[in-house]
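Descriptive analysis of the structure
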Amino acid sequence: MYSAVRTYDYEYPESEMDERESLYFDTISLADSEAAAAHRKSMSQSRNTIYHSAVDLAENEGRNSLRLGAAEHAALAWQPGYRQSTALEHLRETGGGGDHTDAAITAQILALQNGRGHLPTGIGVGGGPGRNAAGGADAGCGDDETYRRFDDGNRSVDFVLAYNGEVQLEEHRRKREIFEANLRREGLQLEHNKVQRVHFIKIHAPAEVLYRYAEILKIKVPLKPIPGQEQIFAESAHEFKSCFTRMCRSLFSSVQLNTALFPEREGRIHLEFSRNYLDLYDKEHPNFFDASTRYSIINFILQRQHFVEGEETADNLGVEKLVQDGVYSCAYTLHDKDDRDRLLKEWANVSKWKNLQPLDQIKDYFGAKVALYFAWLGFYTQMLIPISVLGILCFFYGFLTWSNDPISRDICDDNGTIMCPQCDRSCDYWRLNETCTSSKFNYLIDNNMTVVFALAMSIWAVAYLEFWKRYSAGLVHRWGLTGFNHHVEHPRPQYLAKISRSKKLSGKSELQDENGKRPILDPDVPFWSIKFLPNFTSYSIMILFICISVIAIAGIIIYRMAQRASHSILGSENSMTFKVMILPMTAGIIDLIVISMLDLVYSSLAVKLTNYEYCRTQTEYDESLTIKNYVFQFVNYYSSLFYIAFLKGKFVGYPAKYNRVLGFRQEECNPGGCLMELCMQLVIIMAGKQAVNAIVEMLIPYLMRTFKELSYRHGWHKNNKDQRLVPYNQFTEDYNLLPAENNSLYAEYLEMVVQFGFITLFSLAFPLAPLLALLNNVIEVRLDAIKMLRFVRRPVGMRARDIGVWHSIMTVVTRIAVASSAMIIAFSTNLIPKIVYAASMGDPELNNYLNFTLAVFNTKDFQVEPLLGGSQFVNETQCRYTEFRNPPWHEQPYKRPMIYWKILTGRLAFIVIYQNIINMLQGILRWAVPDVSGRLLKRITRENFLLREHIIDYEKQHAMQQAQMTVNGLRQRTTDTQAPGYDDATTFV
């Protein structure tokens, strides 16, 4: 019966079959048994029989379809060229060794999906002529005429709504009918696809709809070439093509984009769309209603259509509400096979890590908001290169001058200095030279280059922010978004729903006219009577969680104190390995776990709190959510580092009178200072956070795909109807991807801005922190691209002119970083004590500096006597501790000497001088680097003048044409009245 089916026209390599194709062919491939043949015969009767019989046969032991093993598929999934292929593409297998019946069944599904009752030409039952590659589109592949189009093969699918066809609730059906009728009234074209359990509604926006809403949304589109614009573009290009620019381009030719795949765009002047000037626009330009613009217009329409007849209020508005209520399962845009494959190969590819990003194509595919994120991340990564090089040089300077450090040399050569116990009873005396190794490592980050690196980091942070504003202004102008701001945005449907439910706003949200009540969509919402309580509640809960985070950090600090006060299970508390390495590392790991848990809880809570507020536009919503989250993350991630940098070891007291917290002695710094521990904590939290984010962003989606593949193969989800979907075109493929949310970039921005805080606030303690950030970001750019192209549905394109509130946050962090660096240098390094000692003692070589920093204590003055037992230090009468205090034989024993106050004065003076110098340099840099370059401002001015003159000429020509038509009409009428037999009365009939 099936012997005449031809498969040699469909060349499709077995190695490109993914898990969904494997599921499809596993479930419909049968053994040669008679029972299997019976099943196969029943499957060819209707689309429902085809589908459900395929599921029933999932456990058939006699499968003969070709599929990849799990290990091979796992390796293939991460290859650059890999994509989610369709079941129908498997028909293109070479040779005649495939299962011909599978081809027939697949073709029958395509025929039913297209509304036909017969098979396509070339795939017949009982023979028929074949079709070669030139004869038409291959069935089901990316070139198929209905792969992402309507059944007519002409209209593109711009948006898709999906719902479960097996759940037929009358209320849901009625809402869908009303909603879809309203979409049709708006001019959108809809087509249903009910081939499988999940039913799809394909949406296409014709040109009239795009024109109408582009004018409403004030979307700018490129114009046809205007006389005189070539001179403007040529002069701008000539200014850029300097000798230095050409030399740099030739040196870095290996990182340039492939111009064959990503050709350079011609310059165009953009104008807000108006149907009055339709003849002026360049309809052939790639930016004229590109995919992201079309999707944003359709999404705007979907968000503002009612679905309840007779109750057209803001509470019954928008597709998001329908998805939330389960009327639709999802609403999404479609990936484009060709564009996605090109981006996957040339951009979302780790092997292309050094190449520049195709920002224009990213903007066309994802919209300006996503493109600006990747532009910012790429710019930030490039700006990390010089500061990373400087950090490496500072680190190498520490290695090269290791042996010249007088402090570590004196510690290692010392044999007689006995230090006081670091806890009350269980700790023993210890020798100073036991900290030899840690003192040497401490010198790597606390040397003469520390201040130089801090100064360079402060200048770099401001230069990065200022140059980014300058760079982004050029991008935004090139994309036609100059002048766009959030005031152009329309209110969020959720905001309109909130004000419609508010009793206090019920009188303002509706007016009475002759036709009854007419809703006003955007009434004024007073702050104190309406907005204050939600905002106060939201930020109060944020402060509560900040307090919880601080309490958690305090608990970890007490844990460290308790570990020192008791016999630790982690090792001997008297060993320097325990004191210097194990205890800080375990505390850092616990801190990272607590931080991650609080982050997870608060991130979900912050969304609910922001939903409770009255955020009018999507920009206001995103900024409110961002500020609440970042303030919490700032405390959550940085509090332990601030503790080590500014508090630890600063208020310990002395052996005769320790300052205690809950009965525990405070932690002390090592003789070399606390900077080494700050370095370890920074590395653990920073590297650990990046590892956690990588797992959440990439590994979990990959494991979910792998688990789904194994579930399909072994029938683990046999009874789960959500798994029964055979992907055979673009919208069925994208249905199984992760949803793309409006604030999908929030997590990516937060990760990078928190990292920016690490390197600006604390990289002084670890000069290689910028290098770690650079290495992470080089991979992060490509991993984010892979995630958005392979694991996530295509997001709706959104306009943006900058990165929003994130720039303001980084500006604030930069200002805090100046004070942080000054305080770390003053209180956590030995810079100021060394300067004061050299000036006071006349010892520029610092030969006796170590002894100068250690105070003497008489053991008979202990507040709590240590339990020494069989210690070799039982008879010790004196011990040393790190403090500036008088010796016991002084007339004021254990009091602060004058040198301590000199050092404190020097530290405070350094903070004031350092901050003023840095702030002055930063101010000069901000003044010297304007937000928009003079070249770009001149170009914008000239383009605006040229545009105005062009529109004036167009209006003149249009007015002359209208006048000429009027004159011609009058002449014609005069001629008609003068004609013989003309009856004037007939003109009024």
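These figures come from a predicted structure and were not determined experimentally.

Digging into the packing of aromatic side chains
Under the definition given, this model contains 56 aromatic pairs. Both rings, one in Tyr373 and one in Phe374, keep their centres 5.1 Å apart while their planes meet at 70°; by these two values the pair is edge-to-face. No difference in accessibility class separates Tyr373 from Phe374, as the two residues are buried. Taken together, a centroid distance of 5.2 Å and an interplanar angle of 85° make the contact between Tyr638 and Phe758 edge-to-face.

Topic: the environment of Gln666
The residue Gln666 is located in the loop between strand E14 (664-665) and helix H23 (675-714) in this model. As for Gln666 and Ile557, which are separated by 109 residues in sequence, their C-alpha atoms are 8.9 Å apart.

Things to note about helix H17 (residues 450-478)
Between its first and last C-alpha atoms H17 spans 42 Å; for 29 residues at 1.5 Å apiece the expected length is 42 Å, and the two agree. Where H17 terminates, the next one or two residues include Gly480, which has phi positive at roughly 75°.

Here's the deal with unusual backbone geometry
Phi at Phe289 takes a positive value of approximately 50°, unusual for a residue other than glycine. Its location among the elements puts Phe289 in the loop between strand E5 (270-272) and helix H10 (291-302). On the basis of relative accessibility, which here comes to 7%, the residue Phe289 falls in the buried class. Located in the positive-phi region is Tyr894, a residue other than glycine, with phi close to 65°. As for its placement among the helices and strands, Tyr894 is situated in the loop between strand E16 (878-882) and helix H30 (898-928).

Brief notes about the environment of Arg294
In this structure, Arg294 sits in helix H10. Its relative accessible area of 18% is what places Arg294 among the buried residues. C-alpha of Arg294 to C-alpha of Gly797: the two residues are 503 residues apart in sequence and 8.5 Å apart in space. For Arg294, the contacting residues outside a window of four places in its chain are Ser156, Asp158, Leu210 and Phe289. At 3.4 Å, the side chain of Arg294 forms a polar contact with the backbone oxygen of Phe289.

Some points on the sheet that holds strand E3 (residues 198-204)
Judged by pairing direction, the sheet is antiparallel, and its 4 strands sit side by side in the order E2-E3-E1-E6 without closing on themselves. Both outer strands of the open sheet, strand E2 (189-193) and strand E6 (330-332), are each paired with one neighbouring strand and no more. Mean inter-strand twist for the sheet, computed between neighbouring axes without regard to direction, equals 20°. In the sheet, strand E1 (residues 159-164) pairs with E6 via 3 bridges, with the strands oriented antiparallel. Following the sheet pairing, Ala162 is matched in E6 by Cys330. Of the strands in this sheet, E1, E2 and E3 are in contact with helix H6 (residues 170-185), which crosses E2 at around 140°. Across the sheet, H10 touches E1 and E3, and the angle it forms with E1 is around 45°.

Side note on the packing of H17 against helix H31 (residues 934-977)
Running from amino to carboxyl end, H17 crosses H31 at an angle of 20°, the nearest separation of the two axes being 11 Å. By the criterion of interaxial angle, the relationship of H17 to H31 is roughly parallel. Crossing of H17 over H31 shows left-handed handedness. From H17, Ala473, Gly474 and His477 reach across to H31, where they touch Leu936, Arg939, Ile940 and Glu943. In terms of residue class, the contact of H17 with H31 is built from 3 nonpolar, 2 polar and 2 charged.

Section: the pairing of E3
Both faces of the sheet carry side chains from a regular strand, because those side chains alternate between them. Here E3 lies mainly inside the structure; 7 of its 7 residues are buried. Sheet topology places E1 next to E3; 6 bridges connect them, and they run antiparallel. Bridge pairing links Ala162 to Phe200 in E3. Two elements, E2 and E3, share 5 bridges in a ladder whose sense is antiparallel. Within the sheet, the bridge partner assigned to Leu190 lies in E3 and is Ile203.

Concerning the confidence of the model for the chain
For the chain, the average pLDDT comes to 76, and 73% of its residues sit at 70 or higher. Considering only residues more than four positions removed or in separate chains, one finds that residues 566-574, a stretch of pLDDT under 50, has 24 contacts. Low pLDDT (under 50) marks residues 718-722, which in the prediction has 7 contacts with non-local residues, meaning those over four places away or in another chain.

Re the packing of H17 against helix H25 (residues 746-761)
Running from amino to carboxyl end, H17 crosses H25 at an angle of 150°, the nearest separation of the two axes being 10 Å. In terms of orientation, H17 and H25 fall into the roughly antiparallel class. Together, Met457, Trp460, Ala461 and Tyr464 of H17 and Phe756, Ile759 and Thr760 of H25 make up the contact between the two elements. Considering only residue class, the contact of H17 with H25 consists of 6 nonpolar, 1 polar and no charged.

Digging into the side chain of Gln305
Positionally, Gln305 belongs in the loop between H10 and helix H11 (319-325). Separated by 3.4 Å, the side chains of Gln305 and Glu186 make a polar contact. If near-sequence neighbours (up to four positions away) are discounted, Gln305 is found in contact with Phe179, Asn182, Leu183, Glu186, Asn316, Leu317 and Gly318.

Conventions used here
Every residue gets a number counted from 1 within its own chain, in the order that chain's sequence is written. Note on the predicted model: pLDDT of at least 70 is required for a residue's local features to be given, and 80 or more for side-chain atom pairs to be given and counted; whole-chain, interface and lining totals, by contrast, use all residues. To obtain the side-chain values, all non-hydrogen atoms of the structure were used and water was disregarded. For this analysis, a ring pair means two rings from Phe, Tyr or Trp (six-membered ring only for Trp) whose centres lie within 6.5 Å, classed as stacked if their planes differ by under 30 degrees, edge-to-face if by over 60, and tilted for the remaining angles. Exposed residues in this analysis have more than 50% of their type's maximum accessible area, buried residues have under 20%, and partly exposed residues fall in between, with area computed by a 1.4 Å probe over protein chains only. Think of it this way: any DSSP run of H or I at least four residues long counts as a helix, any run of E at least two long counts as a strand, and we number them from the N terminus. Between the first and last residue of a helix there are one fewer steps than residues, each counted as 1.5 Å, and that sum is the expected span. In what follows, residue pairs with any heavy atoms lying within 4.5 Å of each other are defined as contacts. For the purposes of these results, a polar contact is taken to be a pair of N or O atoms within 3.5 Å, where, inside protein, one atom must be able to donate a hydrogen and its partner to accept one; residues adjacent in sequence count only when each atom of the pair is a side-chain atom. A pair of strands is treated as paired once DSSP finds two or more bridges between them. Fitted lines through C-alpha atoms give the axes, limited to the stretch in contact for helices. The angle between two N-to-C directions lies from 0 to 180 degrees. Orientation categories follow fixed angle ranges, with anything under 35 degrees roughly parallel, anything over 145 roughly antiparallel, 65 to 115 roughly perpendicular, and all other angles oblique. Put simply, a crossing is left-handed when the front helix is turned counterclockwise from the back one by less than a right angle, and right-handed when it is turned clockwise. In this classification, the charged set is Asp, Glu, Lys and Arg, the nonpolar set is Ala, Val, Leu, Ile, Met, Phe, Trp, Tyr, Cys and Pro, and all remaining amino acids, among them Gly, are polar. In predicted models, pLDDT denotes the confidence assigned by the predictor to each residue on a 0 to 100 scale.

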